[in-house]
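Descriptive structure summary
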Number of protein chains: 2
Amino acid sequence: MTETFVIAQGGGPTAVINQTLAGATLEVRKRYPGARVLGAKHGVRGIRAGNFVDLTALPEQQLRLIAATPSAALGSTRDKPDAAYCEAILKSLRDVGATAFINIGGNDTAGTQQILVEAAGGDIAFVHAPKTIDNDLVESDHTPGFISAAEFIAGAFLSIDLDFRALPGIYVGIVMGRHAGFLTTAAAAWQHDDASAPHLVYVPERAFSAKRFIDDVREAQSRHGRCIIAMSEGVTGEDGRTVVENLVPADRLERDAHGNIRLSGGELGMAIEQLLRDGLPGARARVDTFGYLPRGNIATTNATDAQEAFEAGAFAVETAARGGGSVALQYADGSTRPQIVPLASVAGKTRHLPHDFLEPERNRISAPCRAYFERLLPKRFTLADPLA
Amino acid sequence: MTETFVIAQGGGPTAVINQTLAGATLEVRKRYPGARVLGAKHGVRGIRAGNFVDLTALPEQQLRLIAATPSAALGSTRDKPDAAYCEAILKSLRDVGATAFINIGGNDTAGTQQILVEAAGGDIAFVHAPKTIDNDLVESDHTPGFISAAEFIAGAFLSIDLDFRALPGIYVGIVMGRHAGFLTTAAAAWQHDDASAPHLVYVPERAFSAKRFIDDVREAQSRHGRCIIAMSEGVTGEDGRTVVENLVPADRLERDAHGNIRLSGGELGMAIEQLLRDGLPGARARVDTFGYLPRGNIATTNATDAQEAFEAGAFAVETAARGGGSVALQYADGSTRPQIVPLASVAGKTRHLPHDFLEPERNRISAPCRAYFERLLPKRFTLADPLA
């Protein structure tokens, strides 16, 4: 039987998601001469509609160029297929004679693969290849796309800290992350010294108190002459409601088709600015919502991230040969390698920031968190000590 | 008489302002062995307070490290000295035996130097060395700091465009720039092809109409399947009032000591988002305010910018030797060189985006604007054509 691989990309794009597409495509062509590779346009939505682009004969040079281009070259989708949607996907996969379906994405994408494997009954190998800047896949040490986004955050906070050393004040940078704080803690990856930013870190995993926040900002400001804060968009109060829900008037909240409140807008930033105005009147306070800037930024595409994403794609083909599963980057004995883990162990689950990644009593990152980033994101820049 | 150079840094920092500090310091040491170099902490504020750091014997290696570190190593200030403040500066300069004062900054800094030269009466050489990401100094082809900030903007819009090609929608990126639109037009510097972002550009120099905006967004969306917009924070309506003033409730506007409305917050972004919600109901629309991220971002420090900033500092010492003035980077016969221009021709003036940098009938950049950026910011990245 001729092998036919279908490949799709889902969810929010990253700087290196096309590396995984290229890695998988080239690996199929190497292993199975004569096999077909079909790319689904805009993820499962393209499969359902029978909307494919044939990658079988695409020149390798062009695939390498695609690999180095950020965001999802095939297009992406936010669709989360239910059982009926999955039936339509299956029918389309069978119509094109698919023997394997590699879906590149996060935990929702793994969830889709899990539904499909249960509905299909064994004639197609279903593979989830990892991708997310949130770094929130269980079974993974880290995820393709995370290091590049983390490098953006690390460089941004390093630079903002120098800016606010020159013109003192309070600064809050709000970082994507609904349930997991990994990307926000990356703000501390390139701290110059103990006095460097971020002076405070707020993640979804630790309850946010507005009063404690103001006290901590005041204290950091008096100690360092400035206070730089990294905050996840998904910070949540002790009542379990997001700070956005608690601080923003209900008529200004936007919800998606799944009922999730949109966190990526400017609402949280404006609310935090108001908190600072009320709690520390007269202070110079600035809030930036980083929004989409870190997600697939070509300026901070990390070479290790790119290579690991490519290898994850190639390994997805090996995973298909072994019957399917989820690819996880795992770390052991000083190196990172892709491994096969069960789809069910990844699907729909969220990996949270380990409890010991923050200091117990202060909103500062801990030594284990620092060690994690020193391994993933070695310092790229050497800075001078301040003169002033 | 022993030469004594005082050097200060003013206004918003840039990625390369310390190159100018290092260039001037090393040039003094080369030209005038035995001369003193004093850095003023936090600009004119440090001079008034007699707060200096001695750079005379700082090892060259350390100065080179400072040069490569973004933001103002000496600290900066937003003070705009009046006559009395200038008298205090003059007294302090005389107390330390200053023979020259090099002030690195924008048009306000040139203004300070102009007041000082009139008050001093000839015993001290006053020099303005250029620095601004706004690129708004008259007599300059471009200003140190601009190219690096422009590279951030160019890369960001390139990346956002790819993101929104994968997940279609409307995106507005709001860019610093109160009176001049240069930095906003840099969004178009690395357009991949005619269909690439930014599809619309709004600068302070061209009147903004909310109705026309919605019509143009609708048209671009139907043509490209997405619409990416670059907008200056200082966009202004036909009535001469900024869009921020017109769209944001007065009690939410913040003013500085000079009565200027703060534009760098999220207010404009929220107002534009509301415009899009009302004008194009149901559309996926996202607005990011870039805020401080482009200003001194280490990830996009440009090598040409760094070298030109260093040379502008060295040339400031030559300018002092010739009695003082403002340093301007001018372009002729295929190369950029620093030149001396009168302080009065730069002080307090704003250079605007040339009229022919936008197409006459559409909010798109023109061929002359494109040629300007092709000269300043050669393409750094080669992208693949889309598959989807």
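Residues numbered from 1 in each chain as written. Chains lettered and ligands numbered in written order. Predicted model: local features only at pLDDT ≥ 70, side-chain atom pairs only at ≥ 80, totals over all residues. Heavy atoms only, no water.

Keep this limit in mind: UniProt positions are given in the numbering used here, feature names are shortened, and annotations may be inferred rather than shown by experiment.
Going by what an unreviewed UniProt entry lists, chain A is known as Pyrophosphate--fructose 6-phosphate 1-phosphotransferase and is assigned to Phyllobacterium myrsinacearum. Among the UniProt annotations of chain A, the heading Sequence similarities (unreviewed entry) holds the following wording: "Belongs to the phosphofructokinase type A (PFKA) family. PPi-dependent PFK group II subfamily. Clade 'B2' sub-subfamily." Taken directly from UniProt, the Cofactor (unreviewed entry) text for chain A runs: "Mg(2+)".

Comments concerning the UniProt feature "binding site: Mg(2+)" (unreviewed entry) in chain A
Residue and element names in this part refer to chain A. So the rule is basically this: Numbering of helices and strands starts at the N terminus; helices are DSSP runs of H or I of at least 4 residues and strands are runs of E of at least 2. Between buried and exposed lies partly exposed: a residue is buried under 20% and exposed over 50% of the maximum accessible area for its type, with that area taken using a 1.4 Å probe on protein chains only. Contacts: residue pairs with any heavy atoms within 4.5 Å of one another.
When the UniProt feature table is mapped to this numbering, "binding site: Mg(2+)" (unreviewed entry) covers Asn-107. Locating Asn-107 in the fold gives a position in helix 5 (residues 107–120). Classification of Asn-107 by relative accessible area gives buried; the value is 12%. Beyond its immediate stretch of four places on either side in the chain, Asn-107 contacts Asp-136, Leu-137, Val-346, Ala-347, Gly-348, Lys-349 and Thr-350.

Observations regarding the relation of the copies chain B and chain A
To keep it simple, the criterion reads: In this comparison the copies share one frame, found by least squares on the C-alpha atoms of residues holding pLDDT of at least 70 in both.
Overlaying chain B with chain A gives an RMSD of 0.0 Å, the required rotation being 180° about an axis along which the chain moves by 0.0 Å. What we have between these two chains is a two-fold relation. Taken together, the interface assignments show that 100% of the residues at the interface of chain B recur at the interface of chain A, consistent with an identical surface on both copies.

Focus: the sheet that holds strand 5 (residues 125–130) of chain B
All names here are of chain B. Just so we agree on the cut-off: Two strands form a pair only when DSSP identifies at least two bridges running between them. Angles shown run from 0 to 180 degrees and are taken between the N-to-C directions of axes, each axis being a line fitted to C-alpha atoms and, for helices, limited to the stretch in contact.
A sheet is described by the order of its strands in space; here seven strands give the open sequence 3-2-1-4-5-10-11, paired in mixed fashion. Where the open sheet ends on each side, the last strands, each with one partner, are strand 3 (52–54) and strand 11 (335–341). Strand-to-strand twist of the sheet, defined as the mean angle between neighbouring strand axes without regard to direction, takes the value 25°. Here helix 5 (residues 107–120) sits on the sheet and contacts strand 4 (100–105) and strand 5; the angle it forms with strand 5, its principal contact strand, is near 175°.

Quick notes on the interface of chain B and chain A
Selection rule: Buried area is understood as the total, over both parts, of accessible area removed when two parts are fitted together, assessed with a 1.4 Å probe. Here, a salt bridge means any side-chain nitrogen of Lys or Arg that lies within 4 Å of a carboxyl oxygen of Asp or Glu. We call two N or O atoms a polar contact when they sit within 3.5 Å, provided that within protein one can donate a hydrogen and the other can accept it, with sequence-adjacent residues counted only if both atoms are side-chain atoms. Each residue receives one of three labels: charged for Asp, Glu, Lys and Arg, nonpolar for Ala, Val, Leu, Ile, Met, Phe, Trp, Tyr, Cys and Pro, and polar for the others, Gly being one of them.
On the side of chain A, 65 residues touch chain B, which itself brings 65 residues to the contact. Buried area between chain B and chain A, summed over both chains or domains, comes out near 5,200 Å², and the portion from carbon and sulfur atoms is 63%. On the chain B side of the contact with chain A, Tyr292(B), Ile298(B) and Leu387(B) bury the most area, a combined 15% of that side's loss. At the junction of chain B and chain A, the tally comes to two salt bridges. Between Asp163(B) and Arg295(A) there is a salt bridge, with its nearest N and O atoms 2.8 Å apart. One can count 22 residue pairs in polar contact (both at pLDDT 80 or more) joining chain B with chain A. Going through the elements one at a time, helix 3 (60–67), helix 6 (146–166), helix 10 (267–279) and strand 9 (285–289) of chain B are the ones with two or more residues in the side of chain B that touches chain A. Sort the elements by how many residues they give to the side of chain B that touches chain A and helix 6 of chain B lands first, with eleven residues. Broken down by class, the residue content of the side of chain B that touches chain A amounts to 33 nonpolar, 18 polar and 14 charged.

Things to note about the domain arrangement of chain A
Residue and element names in this part refer to chain A. As a reminder of what qualifies: Here the bounds of each domain stem from an automatic or database domain assignment.
Entries for chain A in the domain assignment read domain 1 (4–144 + 298–346) and domain 2 (148–295 + 354–376). With 18 residues of domain 1 at the interface, the matching set in domain 2 holds 15 residues. Among the residues of domain 1 in contact with domain 2, Ile-133, Asp-134 and Thr-300 are the three that bury the most area, contributing 38% of the side total. Counting across the interface, domain 1 meets domain 2 through one salt bridge. Asp-141 serves as the salt-bridge partner of Arg-375, at 2.9 Å between the closest nitrogen and oxygen. There are seven residue pairs in polar contact (both at pLDDT 80 or more) connecting domain 1 and domain 2. Across the side of domain 1 that touches domain 2, the residue classes tally to five nonpolar, seven polar and six charged.

Observations regarding helix 5 of chain A
All names here are of chain A. Keep this limit in mind: What a helix should span is 1.5 Å times the count of its residues minus one.
Between its terminal C-alpha atoms helix 5 stretches 20 Å, which fits the 20 Å expected from 14 residues at 1.5 Å a residue. Within helix 5 the residues assigned to the buried category are Asn-107, Thr-109, Ala-110, Gly-111, Thr-112, Gln-113, Gln-114, Leu-116 and Ala-120. Taken from the residues just after helix 5, Gly-121 is the one with a positive phi, measuring 80°.

Here we look at the pattern of salt bridges
Residues and elements named next belong to chain A. Inspection of every chain in the model, using the stated rule, returns 40 salt bridges over all chains. Asp-123 is the partner of Arg-94 in a salt bridge, and the nearest nitrogen-oxygen pair spans 3.0 Å. Residue Arg-94 is found in helix 4 (residues 83–95), and its partner Asp-123 is found in the loop between helix 5 and strand 5 (125–130); the two are separated by 29 residues along the sequence. Using a relative accessible area of 39% as the deciding quantity, one classes Arg-94 as partly exposed. Here the residues in one salt-bridge network are Glu-27, Lys-30, Arg-31, Glu-318 and Arg-322, joined through shared partners.

Here we look at the nonpolar core
Rules: As used here, the term nonpolar core means buried Ala, Val, Leu, Ile, Met, Phe, Trp, Tyr and Cys residues forming a set that is joined through side-chain atoms within 4.5 Å.
Ranked by internal contacts, the top residues of the largest apolar core, which has 88 residues, are Ile153(A), Phe290(A), Ile153(B) and Phe290(B). Sequence-distant contacts of Phe290(B), defined by excluding residues within four places in its chain, comprise Asp288(A), Leu293(A), Phe152(B), Ile153(B), Ala156(B), Phe157(B), Tyr171(B), Gly173(B), Ile174(B) and Val175(B). Listed in part, the 36 residues of the second largest apolar core include Phe5(B), Val28(B), Ala35(B) and Ala316(B).

Side note on unusual backbone geometry
Trans peptide bonds make up the majority, and among non-glycine residues the majority have a negative phi. Residue and element names in this part refer to chain A. The amide bond that connects Ala-197 to the next residue, Pro-198, takes the cis arrangement and shows omega of -5°. Mapped onto the elements, Pro-198 comes out in the loop between helix 7 (182–185) and strand 7 (200–202). Here Ser-71, not a glycine, exhibits a phi torsion of approximately 70°, which is positive. Note that Ser-71 resides in the loop between helix 3 (60–67) and helix 4. Ser-71 gets classed as buried once you look at its relative accessible area, which sits at 3%. Residues other than glycine seldom take positive phi values, yet Asp-333 does so here, at roughly 50°. Residue placement: Asp-333 occurs in the loop between strand 10 (324–332) and strand 11 (335–341).

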